[in-house]
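Observations on chain architecture
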Amino acid sequence: MPEGTTGSTVPRRQLGRHLRELRNASRLTVRIAAQKLEWSEAKIWRIETGQTSLRSLDVEAMGKIYGAPAELTETLMGLAKETKARGWWHAYGDVIGENFDVYIGLEEAASRLSWYESELVPGLLQTEDYARALIRAGNPGATDAEIERRVHVRISRQALLTRATAAPVVEVILNEAILRRPVGGVKIMSGQLQRLAAAGTLENVSIRVMPFSAGLHYGVLSGPFVILQFPLNGDGEETEPPTVYVDGFTGDLYLDKQKEVERYSAAYASILGSSLDERASGQRILQAAKELGL
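Everything numeric here is computed off the predicted structure, so don't read it as measured data. (Residues numbered from 1 in each chain as written. Predicted model: local features only at pLDDT ≥ 70, side-chain atom pairs only at ≥ 80, totals over all residues. Heavy atoms only, no water.)

**Notes on helix α3 (residues 41-48)**
Rules: Partly exposed describes any residue whose relative accessible area lies between the buried limit of under 20% and the exposed limit of over 50%, with all areas from a 1.4 Å probe on protein chains only and scaled to the type maximum. Strands here are runs of E lasting at least two residues and helices are runs of H or I lasting at least four, both read from the DSSP assignment and numbered beginning at the N terminus. This arc describes the spread of directions from the helix axis toward the C-beta atoms. Two residues qualify as a contact provided that any one of their heavy atoms is within 4.5 Å of a heavy atom in the partner residue.
Regarding α3, the residues found buried are I44, I47 and E48. Each buried residue of α3 sits inside an arc of 90° when the element is viewed along its axis, so together they form one side. Considering only its buried residues, α3 is in contact with α1 (9-25), α2 (30-37) and α4 (56-66). Downstream of α3 by a residue or two, G50 has a phi angle that is positive, lying close to 70°.

**Comments concerning the pairing of strand β3 (residues 205-210)**
Under the convention used in this document: Any two strands are treated as partners once DSSP identifies two or more bridges connecting them.
A large share of β3 lies buried, amounting to six of its six residues. Across the two faces of β3 the burial is the same, with V205, I207 and V209 and S206, R208 and M210 all buried. Across six bridges, strand β2 (residues 169-175) lies against β3 in parallel orientation. Paired with V170 across the bridge in β3 is V205.

**What about the pattern of salt bridges?**
Note the cut-off: Put simply, a salt bridge is a Lys or Arg side-chain nitrogen that is within 4 Å of an Asp or Glu carboxyl oxygen.
Tallied over the full model, the rule gives 18 salt bridges. The shortest N-O distance in the salt bridge between R31 and E41 comes to 3.4 Å. A residue pair is termed long-range when its members are at least 10 positions apart, and R31 in helix α2 and E41 in helix α3 qualify at ten residues. Among the residues examined, R31 registers a relative accessible area of 52% and is labelled exposed. Of the residues examined, E41 reaches a relative accessible area of 38% and is grouped as partly exposed. In this structure, D144 engages R136 in a salt bridge whose closest nitrogen and oxygen atoms are separated by 3.3 Å. Overlapping salt bridges bring together R13, R17, E240 and D256 as one network.

Bear in mind that shape data such as this cannot, by itself, settle questions of function.
In structure tokens, the structure reads:
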């Protein structure tokens, strides 16, 4: 796997799913498996949810405990080596929130992102000044150097929008309140709105606005979320299951069960149906910029 493209997130998740399936097939609970391996239950959970990389020897031990065929164990040991791959963002581990590296890896690997935001411009579309204002407000004790490193990570993520190979389709729906909230002041917000208008002209980016006039819509009930979909392999099968990411105040959620994804997909379809079309959305964004008086 090319370093700096998808990092270790995807192989970690793939390996975790295979190991979870093997454990379930052997009818071992997490507790019993942990006891047999002399590990903690938390370690098993982190492995099965793709939160950590693995050594080949660890996979070999799990394969023996779970009664996996030797050929399958060998394949999974090879996959374990890929979990060591490091994306560009790992160099910023000191300023990336706990487990957010998982999201960045998924974002880099995704072929489509369907995003609803209710309060703030998504990181993929933020200007440096807007990002800096948000990061400074959210990290009052941080040094200027730390703030700048955080800003750099956020802006570096945006390269995927215009990368030459397999740039993802990004569809974003913004609650109109986002356009009216002058984060960082009028001048910074004016620049941010201009950035949104420009991003909306990219072939692979769609920006829609949920107007106040829509009243009560599904996004009010669901809150902000992102649905990530991944490329198909040569057989036309998904390389990764669709995943819903929810950025919570006390922790992130990654939902990939079919019913969970279907529910959020239905919510997104409803939100999309209530939003302005792309042309009207672009006009609303520019109108908001004009009303700032700059």
